[in-house]
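# Coordinate analysis (summary)
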Amino acid sequence: MGNTGIGFQDINSIFGNQAGLASLEQTSFMALGESRFSDFGIRSVGAAAAIPANAGTFGLALQYFGIEAYNEQKIGLAYARKLFEKFSIGVQFDYLRLRAQDFGSTSLFTFEAGIQSQLTKKLVIGFYTYSPVRVNIIENEDLPTIFKFGGALQVSPKLMIAAELEKDIDFPMEFHLGMEYAIVKAFFLRVGVQTQPSELSIGFGYQLK
């Protein structure tokens, strides 16, 4: 969906805006995968679980990105809760391990956080930041600091549209647009576009229960 996620309010929120986890009503699990066939076999895989409780929602996210010569691994511990009926917050503390062939590996800690507001029954907006405090990887090389603003509109029971602006403080602003359409019950078609660089994405989702 063009790397959107600010307005999600399900288990997918753990990879887009942790504040959305506060809307979960039952324990949820997910797994995902992406393969970029034109980019030297780069692949991305992930898995997550979230458990709602009286004190809020607790989540665990695992991610892998890269190739054998260079890869990144992340373990994230997330927490989200509703402060008011239509306003939620979320935060995730991340352990990162970066490995480069012939150069060894390094481990880092950072965090990401977000807020979300349910403006209407169909419209959700939010703000999200990744690593707002600069974290040094090596000399003159930091983790990216990213800010996002956007939302999701439930156009109909079958169609959701998401749009976001993303700003990495070291690069130009990006625009992301995504769509999810329920072809049949529990089976979803997903498409998206984004700029900087221009990319088109397509995928499918299936809700097991």
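In the block above lies the structure referred to throughout.
Since the structure is predicted, the reported quantities are computational estimates derived from the model, not experimental observations. Residues take numbers from 1 onward in each chain, read along the sequence in its written order. In keeping with the predicted nature of the model, local features appear solely for residues at pLDDT of at least 70, side-chain atom pairs appear and are counted solely at 80 or more, and the whole-chain, interface and lining totals rest on all residues. As a convention, hydrogens and water are excluded, and side-chain values are obtained from all of the structure's heavy atoms.

### Some details on the overall build of the protein
- The number of helices and strands found in the protein is zero helices and 14 strands.
- Listed N to C, the secondary structure of the protein is β-β-β-β-β-β-β-β-β-β-β-β-β-β in terms of helices and strands.
- Values of the radius of gyration come from C-alpha atoms, whereas the globule rule sets the reference at 2.2 Å times the count of residues to the power 0.38. Rg of the C-alpha trace for the protein: 17 Å, near the compact-globule value of 17 Å for 209 residues, within the 12% margin.
- Principal-axis analysis of the C-alpha atoms gives the protein an extent of 50 × 40 × 35 Å.
- In the protein, which comprises 209 residues, the proportion classed as buried is 38%.
- A fraction of 35% describes how many contacts in the protein between residues 6 or more apart in sequence connect residues 24 or more apart.
- Accessible surface, the protein: about 12,400 Å² in total, of which carbon and sulfur atoms supply 63%.
- Under the convention used here, Asp and Glu are negative, Lys and Arg are positive, and both His and the chain ends fall outside the count. To locate a charge, take atom NZ for lysine, CZ for arginine, CG for aspartate or CD for glutamate. In the protein, the 17 positive side-chain charges and the 20 negative ones have mean positions that sit 12 Å from each other. Going along the chain from the N terminus, every DSSP run of H or I of four or more residues is numbered as a helix, and every run of E of two or more is numbered as a strand. Buried, partly exposed and exposed residues are distinguished by accessible area as a fraction of the type maximum, computed with a 1.4 Å probe on protein chains only: under 20%, between the cut-offs, and over 50%, respectively. Every residue pair with non-hydrogen atoms within 4.5 Å of one another is taken to be in contact. For the area figures, the Shrake-Rupley method with a 1.4 Å probe applies, and any residue is considered shielded solely by the protein chains shown.

### Things to note about the side chain of K74
- Mapped onto the elements of the fold, K74 is located in strand 4 (residues 70–84).
- In protein, a polar contact requires one atom able to donate a hydrogen and another able to accept it; more generally it is a pair of N or O atoms within 3.5 Å, and residues adjacent in sequence count only if both atoms are side-chain atoms. At 3.1 Å, the side chain of K74 and the side chain of E112 are in polar contact.
- Setting aside its immediate chain neighbours within four residues, K74 contacts A61, L62, Q63, Q92, D94, Y95, L96, E112 and Y130.

### Structural notes on the layout of surface pockets
- The pocket and cavity definitions rest on a 1 Å grid over protein atoms only: a 1.4 Å probe that fits but cannot leave marks a cavity, an open set with protein on both sides within 12 Å along at least five of seven lines marks a pocket, and residues lining either have an atom within 4 Å of a point. Grid points are joined across faces, edges and corners, and a volume is the space filled by probe spheres set on the points. Taken as a whole, the second largest pocket spans an internal volume of roughly 270 Å³.
- Lining the second largest pocket we find 14 residues, and of these Q9, S23, K82, E85 and Q118 sit closest to its centre.
- Listing elements by their share of the lining of the second largest pocket, those giving two or more residues are strand 5 (87–100) and strand 6 (104–118).
- Among the elements that take part in the lining of the second largest pocket, strand 6 stands out by supplying three residues, more than any other.

### Points about the packing of aromatic side chains
- Paired rings are identified among Phe, Tyr and Trp, the last through its six-membered ring, by centres lying within 6.5 Å, and are further divided according to the angle between planes into stacked (under 30 degrees), edge-to-face (over 60) and tilted (the rest). Tallying each qualifying case throughout the model produces five aromatic pairs.
- Consider the rings of F84 and F87, whose centres lie 6.4 Å apart with planes at 50 degrees: the pair is tilted.
- Given a relative accessible area of 59%, F84 falls into the exposed group.

### Quick look at unusual backbone geometry
- Between Q196 and P197 the backbone carries a cis peptide bond, its omega angle lying at 0 degrees.
- Within the element layout of this structure, P197 appears in the loop between strand 13 (187–194) and strand 14 (199–206).
- The backbone of N3 shows a phi angle near 60 degrees, a positive value even though the residue is not glycine.
- Take N3: it is sitting in the segment before strand 1 (28–36).
- Of note in the backbone geometry, S131 takes a positive phi value of approximately 50 degrees without being a glycine.
- Counting through the fold element by element, S131 comes out in the loop between strand 7 (123–130) and strand 8 (136–138).

### Concerning the sheet that holds strand 12 (residues 174–184)
- In this description, strands pair whenever DSSP reports at least two bridges between them. Strand order in the open sheet formed by 12 strands is 1-2-3-4-5-6-7-10-11-12-13-14, with antiparallel pairing between adjacent strands. Both edges of this open sheet fall to strand 1 and strand 14, since each of them pairs with a single strand only. Neighbour-to-neighbour, the strand axes of this sheet turn through a mean angle of 15 degrees, independent of strand direction. Convention adopted: a line fitted to C-alpha atoms gives each axis, helices being fitted over their contacting stretch, and angles between N-to-C directions are expressed from 0 to 180 degrees.

### Details of a nonpolar patch on the surface
- Patches here are clusters of residues that have more than 30% relative accessible area and form no salt bridge, with a 9 Å joining cutoff for like charges and a 5 Å cutoff for nonpolar side chains (Val, Leu, Ile, Met, Phe, Trp, Tyr). The term salt bridge refers to a pairing of a side-chain nitrogen on Lys or Arg with a carboxyl oxygen on Asp or Glu at a separation within 4 Å. Together, L153, V155, I161, L165, M173, F175, L177, V193 and L200 make up a nonpolar patch on the protein surface, roughly 750 Å² of accessible area in all.
- Tracing the backbone shows L177 in strand 12.

### Quick notes on the nonpolar core
- I11, I14, L21, A22, L24, M30, A48, A50, A61, A78 and A80 together form the largest nonpolar core, which totals 11 residues.
- Where this core is concerned, the elements lending two or more residues are strand 2 (42–53) and strand 4.
- The contact partners of L24, leaving out residues within four places of it in the chain, are D10, I11, A50, P52 and T57.
- One finds I6, L98, L143 and I146 within the second-largest nonpolar core, a separate group that totals nine residues. To qualify as a nonpolar core, a set must consist of buried Ala, Val, Leu, Ile, Met, Phe, Trp, Tyr and Cys residues joined through side-chain atoms within 4.5 Å.

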